[in-house]
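Geometric and topological summary
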Amino acid sequence: MSLQGKTLFITGASRGIGLAIGLRAARDGANVAIAAKTAEPHPKLEGTIFTAADAIERAGGRALPLTVDVRDEEAVKDALDRTAKEFGGIDIVVNNASAISLSNTPKTEMKRFDLMHQINARGTYMVSKYAIPHLEKAQNPHILMLSPPLDMAERWFAPHLAYTMAKFGMSLCVLGLAGELRGRGIAVNALWPRTTIATAAVRNLLGGDALMQASRTPEIVADAAHAVFLKDAKGFSGRFLIDDSFLSEEGVTDFSKYRVTAGVPLAPDFFVPETSVAPPGALD
């Protein structure tokens, strides 16, 4: 069971979770299109599409760095077409690109509201829409959203309504597209981490180094995504998966390797339903 020779199109793949998913696939010998905005080094963020491409190739895959703003319709269409032309098709699409602002309604500027909805909800919808003709030609096609379960609880909406609406917009795409595309054999699923993940967003926007130490590494999400892609697309769709629970179903028992710092209690992520219980020992 491997992704050797498969082609992944990953948005926001220049760093963090998107890059980790690409690297995991690259170790199988997959082709990875890195669709992201960062072509030049950023003063606060590590990585560009070109450094990501180097890492993918060092890991054993083939890489195609593409400068893509997921708000730009023509750029999205062109990037998908270039990927299919370069590698002979597209097997997997990962909607990972996302914008975040944890502000309440009076403090949320409309330009920030628009940005989150254009990237998270509209970008996910648009990338998926234009990927469909390519995925229909694939043997085991998957679309994966890095988005949460649709837990319609006030506690998720009240503190940061605009962000929650935009993030849940990605999950609504899962709910709708899973049903729309089931007859075409294209799987559409969501994957979400139980704990915070050690990414630039966590360090710069959420909690600094202290929260980084209380996080898991992006590799837990990458391993879960890899397991999703190996599933039969015709029988595995419309699922809203939590990383450690899904990996536990797949036989993983040791979650300690994913901790940034041993012994530091793990910080819970947003949007995990109260009904979701961690696997035994996963948070110890």
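Summary of the structure given here. None of the values given here were measured: they were computed from a predicted structure. (Residues numbered from 1 in each chain as written. Predicted model: local features only at pLDDT ≥ 70, side-chain atom pairs only at ≥ 80, totals over all residues. Heavy atoms only, no water.)

Considering the overall build of the protein chain
To be explicit about the condition: Each helix is a run of DSSP H or I of at least 4 residues and each strand a run of E of at least 2, with the numbering of both proceeding from the N terminus. In this setup the radius of gyration rests on C-alpha atoms only. A globule is expected at 2.2 Å times the number of residues raised to 0.38. Here the term buried applies to any residue with accessible area under 20% of the maximum for its type, exposed to any over 50%, and partly exposed to those in between, with areas from a 1.4 Å probe on protein chains only. In what follows, residue pairs with any heavy atoms lying within 4.5 Å of each other are defined as contacts. Computed with a 1.4 Å probe, the accessible areas rest on the Shrake-Rupley method; for each residue, only the protein chains presented here act as cover.
Within the protein chain, the regular secondary structure consists of nine helices and seven strands. Scaling as 2.2 N^0.38, a compact globule of 284 residues should have a C-alpha radius of gyration of about 19 Å, and the protein chain matches this with 18 Å. Across the 284 residues in the protein chain, those meeting the buried criterion constitute 55%. At a minimum sequence separation of 6, the contacts of the protein chain that also span at least 24 residues come to 74%. With an accessible surface of roughly 12600 Å², the protein chain has 52% of that area assigned to carbon and sulfur atoms.

Some thoughts on the packing of helix 3 (residues 73–87) against helix 4 (residues 110–135)
Packed helix pairs are characterised by how far apart their axes lie and by the angle those axes make with each other. The following threshold applies: Here an angle of 0 to 180 degrees is reported between the N-to-C directions of two axes, which are lines fitted to C-alpha atoms, with helices fitted over the stretch in contact. Handedness of a helix crossing follows the sense of rotation of the near helix relative to the far helix, less than a right angle counterclockwise being left-handed and clockwise being right-handed. Polar here means any residue outside two lists: the nonpolar Ala, Val, Leu, Ile, Met, Phe, Trp, Tyr, Cys and Pro, and the charged Asp, Glu, Lys and Arg; Gly therefore counts as polar.
Their axes nearest at 10 Å, the elements helix 3 and helix 4 cross at an angle of 30 degrees. You can see that helix 3 and helix 4 cross each other, and the crossing is right-handed. For the pair formed by helix 3 and helix 4, the contact residues are Glu73, Val76, Lys77, Leu80, Asp81 and Ala84 on the first element and Met126, Val127, Tyr130, Ala131 and His134 on the second. In the contact of helix 3 with helix 4, the residues fall into seven nonpolar, one polar and three charged.

Side note on helix 2 (residues 49–58)
Filter applied, for reference: As used here, the arc is the angular range of directions from the helix axis to the C-beta atoms.
For helix 2, the full list of buried residues reads Ile49, Ala52, Ala53, Ala55 and Ile56. Buried residues in helix 2, looked at end-on, bunch into an arc of 165 degrees, giving them a common side. Taken together, the buried residues of helix 2 touch helix 1 (16–26), strand 2 (31–36) and strand 3 (62–67). After helix 2 finishes, the residue Gly60 shows a positive phi value of roughly 115 degrees.

What about helix 3?
Stated precisely, the cut-off is as follows: For a helix, the expected span equals 1.5 Å multiplied by the number of residues minus one. N or O atoms closer than or at 3.5 Å make up a polar contact, with two conditions inside protein: a donor-capable atom paired with an acceptor-capable one, and, for residues adjacent in sequence, both atoms drawn from side chains.
The first and last C-alpha atoms of helix 3 sit 22 Å apart over 15 residues, in line with the 21 Å expected at 1.5 Å per residue. Ala75, Val76, Ala79, Leu80, Thr83, Ala84 and Phe87 are the residues of helix 3 that are buried. End-on, the buried residues of helix 3 take up no more than an arc of 165 degrees, which puts them together on one face. Along helix 3, the residues that are exposed and aim more than 90 degrees away from the buried face are Glu74 and Lys85. As for helix 3, its buried residues are in contact with strand 1 (7–11), strand 2, strand 3 and helix 4. If you check the start of helix 3, you find a side-chain oxygen 3.1 Å away from the backbone N of Glu74, and it comes from Asp72. Downstream of helix 3 by a residue or two, Gly88 has a phi angle that is positive, lying close to 85 degrees.

Comments concerning the pattern of salt bridges
Inclusion rule: Here, a salt bridge means any side-chain nitrogen of Lys or Arg that lies within 4 Å of a carboxyl oxygen of Asp or Glu.
Enumeration according to the criterion identifies 11 salt bridges in this entry. The shortest N-O distance in the salt bridge between Arg24 and Asp223 comes to 3.5 Å. Pair noted here: Arg24 is in helix 1 and Asp223 is in helix 8 (residues 219–229), with a separation of 199 residues, a long-range link. Given a relative accessible area of 18%, Arg24 falls into the buried group. Through salt bridges with shared partners, a single ionic network connects Arg24, Asp28 and Asp223.

Things to note about the pairing of strand 1
Test applied: When the strands point away from the viewer, a crossover counts as right-handed if the route from the first strand across the helix to the second turns clockwise. Here, any two strands with at least 2 DSSP bridges between them count as paired.
Most of strand 1 is tucked away, with five of its five residues classed as buried. Of the two faces of strand 1, the one carrying Thr7, Phe9 and Thr11 and the one carrying Leu8 and Ile10 are both buried. What joins strand 1 to strand 2 is helix 1, and the crossover it makes is right-handed. The pairing of strand 1 with strand 4 (residues 92–95) spans three bridges and is parallel. Residue pairing in the sheet places Ile10 in a bridge with Val94 of strand 4.

Points about the nonpolar core
Condition: We define a nonpolar core as any set of buried Ala, Val, Leu, Ile, Met, Phe, Trp, Tyr and Cys residues linked to one another through side-chain atoms lying within 4.5 Å.
Core analysis: the biggest nonpolar cluster contains 44 residues, and Phe9, Val93, Ile143 and Val188 have the highest contact counts within it. Of all elements in the fold, only strand 2, strand 3, helix 3, helix 4, strand 5 (142–145), helix 6 (161–181) and strand 6 (187–192) reach the threshold of two or more residues within this core. Here this core gets nine residues from one element, more than from any other, and that element is helix 6. Every residue in contact with Val93, bar those within four places of it in the chain, is listed here: Phe9, Val127, Ala131, Leu135, His142, Ile143 and Leu144. Within the second largest apolar cluster, 40 residues are counted, among which are Ile10, Val94, Ala224 and Phe236.

Observations concerning the environment of Glu250
One can find Glu250 in the segment after helix 9 (243–249). Between the alpha carbons of Glu250 and Leu266 there is a distance of 22 Å; along the sequence they are 16 residues apart. Within polar-contact distance, the side chain of Glu250 engages the side chain of Lys231 at 2.9 Å.

Topic: the packing of aromatic side chains
Put simply, the test is: Paired rings are identified among Phe, Tyr and Trp, the last through its six-membered ring, by centres lying within 6.5 Å, and are further divided according to the angle between planes into stacked (under 30 degrees), edge-to-face (over 60) and tilted (the rest).
One pass over the structure, following the stated rule, counts eight aromatic pairs. Summarising the aromatic geometry, the rings of Phe168 and Phe271 are spaced 5.2 Å apart at their centres and angled 65 degrees between planes, so their arrangement reads as edge-to-face. Separated by 103 residues along the polypeptide, Phe168 in helix 6 and Phe271 in the segment after helix 9 bring together distant segments of the chain. The rings of Trp156, Phe157, Tyr163, Phe168, Trp192, Phe270 and Phe271 are connected pair by pair, giving a single aromatic cluster.

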